[in-house]
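Results of the structural survey
Listed below are the residues making up each chain.
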Amino acid sequence: MQQSYDVIVIGAGHAGCEAASAAARMGARTLLITMDMNKIAQMSCNPAVGGIAKGQIVREVDALGGFMGIVTDSSALQLRMLNIGKGPAVWSPRAQCDRARFIENWRHTLDHTDNLFIWQDEVTELLTEQPTPTPPTPPTSPTPPTTPTPPTPPTTPTTPHVTGVRTLWGAEFKAPAVVITAGTFLNGLMHIGRKMVPGGRIAEPAATLLTQSLTRHGIRAGRMKTGTPVRIDRRTVDFTMLKEQPGDSRPHFFSYLTERGTTPQLPQLPCWTCETNEAVHARLRSALDDSPLYNGQIKSIGPRYCPSIETKLHVFPERNSHPLFLEPEGHDTNEMYLNGFSSSLPMDTQIDALRQIPAFRNMQVYRPGYAIEYDFFDPTQLKHTLASKLIDGLFMAGQVNGTTGYEEAAGQGLLAGTNAAIYAGARAADTTNHADFTLGRDEAYIGVLIDDLVTKGVDEPYRMFTSRAEYRILLRQDNADERLTPRAYQLGLATQQRYDRWQRKHQAIDEISRLLTDTVISAAVANPLLCRCGTSPLSHSTRAAELVARPQLSLSLIYDVMPTLAEATERIAQANGLSTALTEEATEETEIKIKYNGYIEREMQAADKTRRLENIRIRPDYDYSTLHQLSTEARQKLAAIQPTSIGQAARIPGVSPADINALLVLLGR
């Protein structure tokens, strides 16, 4: 059996789903290969999407035309905006999801995507071939007094290129571009106490042959570890001993296409909180000799920011308790997820320890927590397109690049799938002249994520935080469509509907901003409100925008004392065809821009300065060993990473400002 496609995506997790759908939307004939079609977009750990910085990534995926936000909105059991009491740069949406509905909705999305086909199987080998050497060109005949042109010697490119894949069942599929998004399945090994079982997820087999197919080309592989907690039967929990944590009454959705104020499709459910205690800790400590993390059984590194409960006891020995969050897995199931209790201790230890918590004294569990080790590949071997530097046509996304989290995977998948389609189109046209799709650190959290991976590499599973983004006031969750939808539309990722919606909103924001700048409010009208809000009264009239900029005031309060301003805003909304929900979005973004204008301008100036360094390009095959003006460490790091710009070179650990200055001089800048 052999069939031809433009793009093949290996793995149907969160990265694979976004990669396959993006490539198909770009017009590429795409094949998605998965080991189990019933586990597409499985939420292997917490059935939740978003959170600090992760929520921003999902909004960016949506603004680019991806589907994670849409699927989340239609699967949400609880929606919350985190950090709402802080500045808008760190507001982050989060949703607790119905695990089964999430899979169902993603499967429906893929089944109804043109150009996208699915095959259930395990990929065991990446098929490649060496490029054909360029034949020598004959010398030109001299025309006196011109010197004859010498013959051009033949070239022998050494970089192999992808031709397709072979599967466990012997099927061969041909394609010029392949995206690997295998998650934790590559040589996956699960641990519960001293028991070890090969697998990519509980009760699912590992993929044991693909890694070898890649490493024989010189691709460096390593091992990482992650884990998941016990699952509890809600019927055996005493909820009177827990604290209820409800969602937002008027939720913010993830997708820009989901109208704010819309009633969620599923019944909204609370989450619940409690804490461990000394009795829990004592029982856990009694079995640490059987912990794979501490008896030498697990040798790889786990996620620093999502540690197991036994790691918490080790790192924070002074703490008497740790918070736990009991979260629903679905609206019609009794299965619940215990966030904060990831563990690979023996199953009896996990259960005995949890029964020391009053709410869980009589609990029954569906399965214990477990740890899993898996292969990943050093991401510094990738370009910013997530294309391999060692095999043309190979792209990688998700946990195989050393990241952790559904959201980080989805962002990488969308970008890798897009670039795979661009590459395949260029190959079909027999040209190397094509524009890659990349995102800068000042354009998206996805850009920060990918630049960190390919420039700095990873020594532990990478998780996105707002603190990793130096321009986070520019990368807010409310303006992802402004930043990314126009680019997505030009590429063919975003639909006309999405683009038109953004244009109407963008036009309204501009007009509302001008309205607030041009409208003057007298001191007599404004001062009662200012005194009530505890801010300085006016001695003379001022512009409405200047009042909006005050931290104690909001646009809605100003509308209350000046109804004509509210009416004018409504006329703008109606003229631009904005719904009530879209009007709310536009006024919120307008207010944020006015309040934080100084910070926004400062970050834009800083980003412009950095962008100048990004525009100073470096050849990808530059021989740094000859540059003795640089430190030895800088030469080694630059040779290993092969940065494409001075800006990227400056972010490589071990390359000092003095090294960058020397590089600029050597480049004649």
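Here, every reference points to the structure presented above.
All values reported here derive from a predicted model rather than from experimental measurement.

Thoughts on the overall build of the protein
Looking only at helices and strands, the protein has 21 helices and 23 strands in total. Radius of gyration (C-alpha) of the protein: 28 Å, near the 26 Å computed for a compact globule of 669 residues. Expressed as lengths along the three principal axes of its C-alpha atoms, the size of the protein is roughly 90 × 70 × 50 Å. Relative to its 669 residues, the protein shows a buried fraction of 55%.

With respect to the sheet that holds strand β2 (residues 7-10)
Taken together, the 5 strands give an open sheet; going across it, the order is β7-β3-β2-β11-β21, and neighbouring strands pair in parallel fashion. On the outer flanks of this sheet lie β7 (116-120) and β21 (394-396), each paired with one strand and no other. Averaged over all pairs of adjacent strands, the angle between their axes in this sheet comes to 20 degrees, without regard to strand direction.

Some points on the pairing of strand β17 (residues 323-328)
Two elements, strand β16 (residues 271-275) and β17, share 4 bridges in a ladder whose sense is antiparallel. Paired with Cys274 across the strands is Leu324, a residue of β17. Bridge count between β17 and strand β18 (residues 335-342): 4 bridges; the pairing is antiparallel. When the bridges of β18 are listed, Glu327 appears paired with Tyr337. Taking the residues between adjacent antiparallel strands as the criterion, β17 and β18 are bridged by 6 residues.

A short note on the packing of helix α12 (residues 496-518) against helix α17 (residues 580-595)
A pair of packed helices can be characterised by two numbers: the angle between their axes and the separation between those axes. Put simply, α12 and α17 touch, their axes get as near as 9 Å, and they point 50 degrees apart. Judged by the angle between their axes, α12 and α17 are oblique. The handedness of the crossing between α12 and α17 comes out as right-handed. In this structure, α12 uses Arg501, Arg504, Lys505, Ala508, Ile509, Ile512, Ser513 and Leu516 to contact α17, whose residues at the interface are Leu582, Glu585, Ala586, Thr587, Glu589, Thr590, Lys593 and Ile594.

Notes on the sheet that holds strand β6 (residues 92-97)
Pairing is antiparallel across the open sheet formed by 3 strands, whose spatial order is β4-β6-β5. Of all the strands in the sheet, the pair left with one neighbour each is β4 (48-50) and β5 (76-82). Averaged over all adjacent pairs, the angle separating strand axes in this sheet is 15 degrees, with direction ignored. Judged from the 3 bridges that link them, β4 and β6 form a sheet pairing that is antiparallel. Bridged to Gly50 within β6 is Arg94. Packing against the sheet, helix α3 (residues 68-75) makes contact with β4, β5 and β6, and its axis sits at approximately 115 degrees to β5.

Quick look at the side chain of Ser291
Within the secondary structure layout, Ser291 lies in the loop between α6 (278-285) and α7 (309-315). Overall, Ser291 belongs to the buried group, its relative accessible area being 0%. Leave out the neighbours within four places in its chain, and Ser291 touches Glu310 and Leu345.

A few points about helix α13 (residues 523-532)
Each α-helix turn comprises 3.6 residues. Residues three or four places apart therefore point the same way. Those residues of α13 lying buried are Ala523, Ala526, Asn527, Leu529 and Leu530. The inward-facing, buried residues of α13 abut β22 (520-521), α14 (544-548) and α15 (555-561). Downstream of α13 by a residue or two, Gly534 has a phi angle that is positive, lying close to 75 degrees.

Describing the nonpolar core
Core analysis: the largest hydrophobic core is formed by 105 residues, its most contacted members being Val7, Ile8, Trp106, Val165, Ile180, Leu394 and Met396. With 11 residues, the single largest contributor to this core is helix α9 (residues 406-428). In contact with Ile8, not counting residues within four places along its chain, are Leu31, Ile33, Val165, Phe173, Lys174, Ala175, Ala177, Val178 and Val179. Core analysis: the next-biggest nonpolar cluster, separate from the first, contains 28 residues, Leu529, Ala545, Tyr559 and Leu582 among them.

As for unusual backbone geometry
Positive phi is not limited to glycine here, since Ala41 has a value of about 60 degrees. On the secondary structure map, Ala41 appears in the loop between β3 (30-34) and β4. Take Ala41: its relative accessible area is 0%, and that puts it in the buried class. The phi dihedral of Asp430 falls on the positive side, at around 55 degrees, and the residue is not glycine. Tracing the sequence through the fold places Asp430 in the loop between α9 and α10 (445-456). In this structure Asp430 comes out as exposed when scored by relative accessible area, which is 71%.

About the criteria used
Along each chain, residues carry numbers from 1 onward, in the same order as the chain's sequence is written. In keeping with the predicted nature of the model, local features appear solely for residues at pLDDT of at least 70, side-chain atom pairs appear and are counted solely at 80 or more, and the whole-chain, interface and lining totals rest on all residues. Heavy atoms throughout the structure, all of them, feed into the side-chain values; hydrogens and water do not. Note on conventions: DSSP H or I runs of at least 4 residues are helices, E runs of at least 2 residues are strands, and numbering of each starts at the N terminus. All radius of gyration figures rest on C-alpha atoms, and the globule criterion is 2.2 Å times the number of residues raised to 0.38. Throughout this description, buried means an accessible area under 20% of the type-specific maximum (1.4 Å probe, protein chains only), exposed means over 50%, and partly exposed covers the range between. A strand pair is defined by DSSP finding two or more bridges across the two strands. The axes are straight lines fitted to the C-alpha atoms, using for helices just the contacting stretch, and the angles between their N-to-C directions are given from 0 to 180°. Between 65 and 115 degrees an angle is taken as roughly perpendicular, under 35 as roughly parallel, over 145 as roughly antiparallel, and anywhere else as oblique. Note: crossing handedness is left-handed where the near helix turns anticlockwise from the far helix by less than a right angle, and right-handed where it turns clockwise. Only heavy atoms enter the contact rule, under which two residues are in contact if any of them lie within 4.5 Å. In this description, a nonpolar core means a group of buried Ala, Val, Leu, Ile, Met, Phe, Trp, Tyr and Cys residues linked to one another through side-chain atoms lying within 4.5 Å.

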